[in-house]
Amino acid sequence: MLSGLPGELVEILEFTRRHNRWRRFETINLIASENLMSPLAESAYMSDMMHRYAEGKPFKRYYQGTRFVDEVESRVQGLMAELLGGGFADVRPISGTTANASVFRVLGACGSKAVIPPVQAGAHVSHTKYGTLGALCIEQVEMPFNMEELNIDVDKAVKLIEDVSPSFVVLGASLYLFPHPVREIAEAAHSVGARLVYDAAHVLGLIVGKRWRNPLDHGADVLTASTHKTFPGPQGGVIVTRDKQLYKKISRAVFPYFVSNHHLHRLPALGVTALEMKYYGEQYADQVVRNAKKLAEALAERGFKVLGEHLGYTKSHQVVLDVRSLGGGAKAAKLLEEANIIVNKNLLPYDPPDAIKDPSGLRLGVQEMTRVGMKEQEMEEIAEFMKKVLIDGEEPAKVAEKVKEFRMNYVEVKYTFPVNTVKDGALLLLY
Ligand code: DSN
């Protein structure tokens, strides 16, 4: 079919096809920051909006031709705010980092201080001097961490906030097993006139599905997130706050400081996902947290060192392993990839910061496999595949074939509306 076309073209198409087949149908994906959109959301994503510009806010644009984009964007803003218990949502940030940049720019001046979770304990790069804070020349001050509780050390963090008197404090993390103490930290922040930003990128789907406390109900001033981790939407960002004045200021930072055009085709897909989460989110989030706990238990039973045993392992979508005795995170992640199991190596809270290239840990997330219908029984099977590769020393290529067979049984995205995008013509409706 592709004969007669330039070789470079065939290669690009072929690599894309191979990627799609491998990552979508042949691998067990346990990257904690990824997920799948439903075919309905994917079809909404493939709209003409991807070609258009709409700088500004709905109904107040700098371009003509946006009347339907305005309708979609204003509805999606409303839905995202509704899912988070009310307030005001800006859906224009094109990533979680862009959302953070916009908020940090408003809350902190160059030379001010921000208190953040420790880097090894999961602060996102945008919270740090290496990333967005550094770009805004805001100083990072790390909160003390309690290794026993695998959480922020509340008493010490409160004292630190009182001593440092930062412009803002950040909670939420990329390595995230147990909910951070929002209420106590919010009180401490407010007592020194600081704002509390909660980065909910990893747990947005769990918050919306009511399986993780909503930080806006516990004193956080503003929530930022990406929309594609436990919240299974298109890649992008969102900001939600119940403070109208703060919302206005942040919106003025989103555009024109950090976003010009906001990749409009995300918006209908985000709207579809928001509605999926409105109707199916609790069911989905419930299964995600069950699966994570089950995977942790199944791995521990098979001899893995799983963090947080005395705390019940996890309350989120994540499971964290210490694989130092199995050759370290880099080696373990590579072997699993050869066996068609995709994970990422990760610093653990007790690793030195310079261990980033070969940290002690693996971070696993069950949200994507939950989305394709896996339940507790399948978590046992995943743990068994991982044992074969990392503990029994079986040939990864052999396990890869078994993983492929297993994965082929879970291709349909669940927790969505019963629409067949081909048969019911949803795709055609868009054109
Ligand atoms: N840091 C990425 C992760 O958690 O995988 C997301 O930006």
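Enquirer: Just to check I follow, could you spell out unusual backbone geometry for this structure?
Expert: Note on backbone geometry: most residues besides glycine have negative phi, and most peptide bonds are trans. The residue after Phe-255, namely Pro-256, is reached through a cis peptide bond having omega 20°. Along the chain, Pro-256 falls in helix 9 (residues 244-258). Unlike most non-glycine residues, Phe-59 shows phi in positive territory, near 70°. The residue Phe-59 is located in the loop between strand 2 (56-57) and strand 3 (60-61) in this model. Judged by its relative accessible area of 53%, Phe-59 falls in the exposed class. Even without being glycine, Asn-340 reaches a positive phi, approximately 65°. Topologically, Asn-340 is positioned in the loop between helix 11 (329-338) and strand 15 (341-342).

Enquirer: What is the right way to read the environment of Arg-67 from this model?
Expert: Looking at the secondary structure, you find Arg-67 in helix 3 (residues 67-83). Distance in space between the C-alpha atoms of Arg-67 and Ala-54 is 9.8 Å, their sequence separation being 13 residues.

Enquirer: Looking at this structure, I do not really get the site of the ligand. What am I missing?
Expert: Neighbouring the ligand are the residues Ser-33, His-124, Ser-174, His-202, Lys-229 and Arg-363. Residue His-202 places a side-chain N or O atom 2.7 Å away from an oxygen atom belonging to the ligand. A distance of 2.7 Å separates an oxygen atom of the ligand from a polar side-chain atom of Arg-363. Expressed as a share of its isolated accessible area of 240 Å², the protein-covered part of the ligand is 65%. Within the shell around the ligand, the residues separate by chemical class into no nonpolar, four polar and two charged.

Enquirer: How should I be thinking about the sheet that holds strand 16 (residues 344-346) in this particular structure?
Expert: Pairing is antiparallel across the open sheet formed by four strands, whose spatial order is 13-14-17-16. Looking at which strands have only one partner, the edges of the open sheet turn out to be strand 13 (305-306) and strand 16. With two bridges connecting them, strand 13 and strand 14 (residues 318-322) associate as antiparallel partners. Across the sheet, residue Lys-305 finds its bridge partner in strand 14, namely Asp-322. Contacts between helix 10 (residues 266-301) and the sheet are confined to strand 13, strand 14 and strand 17 (361-365), with strand 14 contributing the most and set at about 20° to the helix.

Enquirer: Please explain the nonpolar core as it appears in this structure.
Expert: Side chains of nonpolar character tend, in soluble globular proteins, to be buried together. One finds Met-80, Tyr-198, Leu-299, Leu-321, Leu-362, Leu-364 and Met-386 to be the most contacted residues of the largest nonpolar core, which totals 95 residues. Broken down by element, the residue count for this core peaks at 13 residues, all from helix 10. Other than its neighbours up to four places away in sequence, Tyr-198 contacts Leu-171, Gly-172, Tyr-176, Val-182, Val-203, Ile-207, Trp-212, Pro-215, Ala-220, Val-222, Leu-223 and Thr-224.

Enquirer: Whenever I open this one, the state of the cysteines confuses me. Can you help?
Expert: One covalent bond between the sulfur atoms of two cysteine residues makes up a disulfide. In this structure the tally under the stated criterion is one disulfide. With its sulfur 1.8 Å from that of its partner, Cys-110 forms a disulfide with Cys-137. The chirality of the disulfide connecting Cys-110 with Cys-137 is left-handed, given an S-S dihedral of about -130°. Of the two residues, Cys-110 is situated in the loop between helix 4 (96-107) and strand 5 (113-116) and Cys-137 in the loop between helix 5 (132-135) and strand 6 (139-142); the sequence distance between them amounts to 27 residues. According to the relative accessible area criterion, Cys-110 is exposed, its value standing at 56%.

Enquirer: Would you mind showing me how to read the environment of Ala-123 here?
Expert: Checked against the element boundaries, Ala-123 lands in the loop between strand 5 and helix 5. Judged by relative accessible area, which is 11%, Ala-123 ranks as buried. If near-sequence neighbours (up to four positions away) are discounted, Ala-123 is found in contact with Ile-116, Pro-117, Pro-118, Thr-128 and Ala-173.

Enquirer: Could you clarify how one ought to interpret the sheet that holds strand 11 (residues 222-226) in this entry?
Expert: Sheet strands pair by backbone hydrogen bonding; their relative direction is either parallel or antiparallel. Ordered in space as 4-12-11-10-9-5-6, the seven strands form an open sheet in which the pairing is mixed. Of all strands in the sheet, those with a lone pairing partner are strand 4 (88-90) and strand 6, marking the two edges. Strand-to-strand, the axes of this sheet are offset by a mean angle of 25°, without reference to chain direction. Note that strand 5 and strand 9 (residues 168-171) share two bridges and pair parallel. Counterpart to Val-115 in the pairing with strand 9 is Val-169.

Enquirer: Would you take a moment to explain a nonpolar patch on the surface for this structure?
Expert: Residues Leu-5, Leu-9 and Leu-13 make up a contiguous nonpolar surface patch of roughly 230 Å² in combined accessible area. Structurally, Leu-9 is set in helix 1 (residues 7-26). What makes Leu-9 partly exposed here is its relative accessible area of 36%.

Enquirer: Got a minute to help me understand the pattern of salt bridges in this structure?
Expert: In a structure, side chains of opposite charge can pair up when their charged atoms sit close to one another. Scanning all chains against the criterion turns up 27 salt bridges. Here Arg-371 makes a salt bridge to Glu-276, at a shortest N to O gap of 3.1 Å. Here Glu-276 lies in helix 10 and Arg-371 lies in helix 12 (residues 367-371), a separation of 95 residues in the sequence. Glu-276 shares its class with Arg-371; the two are buried. Between Asp-392 and Lys-387 there is a salt bridge, and its shortest N-O distance comes to 3.2 Å. What emerges from the salt-bridge pattern is a single network uniting Lys-294, Arg-302, Glu-380, Glu-384 and Lys-388.

Enquirer: Help me understand helix 14 (residues 396-407), please; the structure alone is not making it clear to me.
Expert: Taking 1.5 Å of rise per residue, the 12 residues of helix 14 would be expected to cover 16 Å, and the 16 Å separating its terminal C-alpha atoms lies within 8% of that figure. When we look at burial in helix 14, the residues that qualify are Pro-396, Val-399, Ala-400, Val-403, Phe-406 and Arg-407. One face of helix 14 carries all of its buried residues, which in axial projection span an arc of 125°. Of the residues in helix 14, the exposed ones pointing more than 90 degrees away from the buried face are Lys-398 and Glu-405.

Criteria and cut-off values
For every chain, the first residue of the written sequence is number 1, and numbering continues from 1 along that sequence. Note on the predicted model: pLDDT of at least 70 is required for a residue's local features to be given, and 80 or more for side-chain atom pairs to be given and counted; whole-chain, interface and lining totals, by contrast, use all residues. Side-chain numbers come from the whole structure's heavy atoms, not from hydrogens or water. The helix and strand labels rest on DSSP assignments: H or I over at least four residues marks a helix, E over at least two residues marks a strand, and numbering proceeds from the N terminus. A 1.4 Å probe rolled over the protein chains alone gives each residue an accessible area, and that area as a share of the maximum for its type sets the label: buried under 20%, exposed over 50%, partly exposed in between. Put simply, a residue is near a molecule or strand once any heavy atom of it comes within 4 Å of that molecule or strand. Any N or O atom pair separated by 3.5 Å or less is treated as a polar contact, with the protein-specific requirement of one donor-capable and one acceptor-capable atom, and with residues adjacent in sequence counted only for side-chain atom pairs. Accessible areas in this description were obtained via Shrake-Rupley with a 1.4 Å probe; residue shielding takes into account the shown protein chains only. Any residue outside Ala, Val, Leu, Ile, Met, Phe, Trp, Tyr, Cys, Pro, Asp, Glu, Lys and Arg is labelled polar, Gly included; the first ten of those are nonpolar and the last four are charged. Strands are labelled as partners when DSSP assigns at least two bridges between them. Any two residues whose heavy atoms approach within 4.5 Å at even a single point are treated as in contact. Between N-to-C directions, angles cover 0 to 180 degrees, with each direction set by a line fitted to C-alpha atoms, over the stretch in contact for helices. Take the buried residues of types Ala, Val, Leu, Ile, Met, Phe, Trp, Tyr and Cys, join any two whose side-chain atoms come within 4.5 Å, and each joined set is a nonpolar core. The criterion for a disulfide is a pair of cysteine sulfur atoms lying within 2.5 Å. To count toward a patch, a residue needs a relative accessible area over 30% and no salt bridge; like charges are then connected within 9 Å, while nonpolar side chains (Val, Leu, Ile, Met, Phe, Trp, Tyr) are connected within 5 Å. Salt bridges are defined as contacts in which a side-chain nitrogen from Lys or Arg sits within 4 Å of a carboxyl oxygen from Asp or Glu. The span you would expect from a helix comes to 1.5 Å times its residue count less one. It is the directions from the helix axis to the C-beta atoms that the arc portrays.

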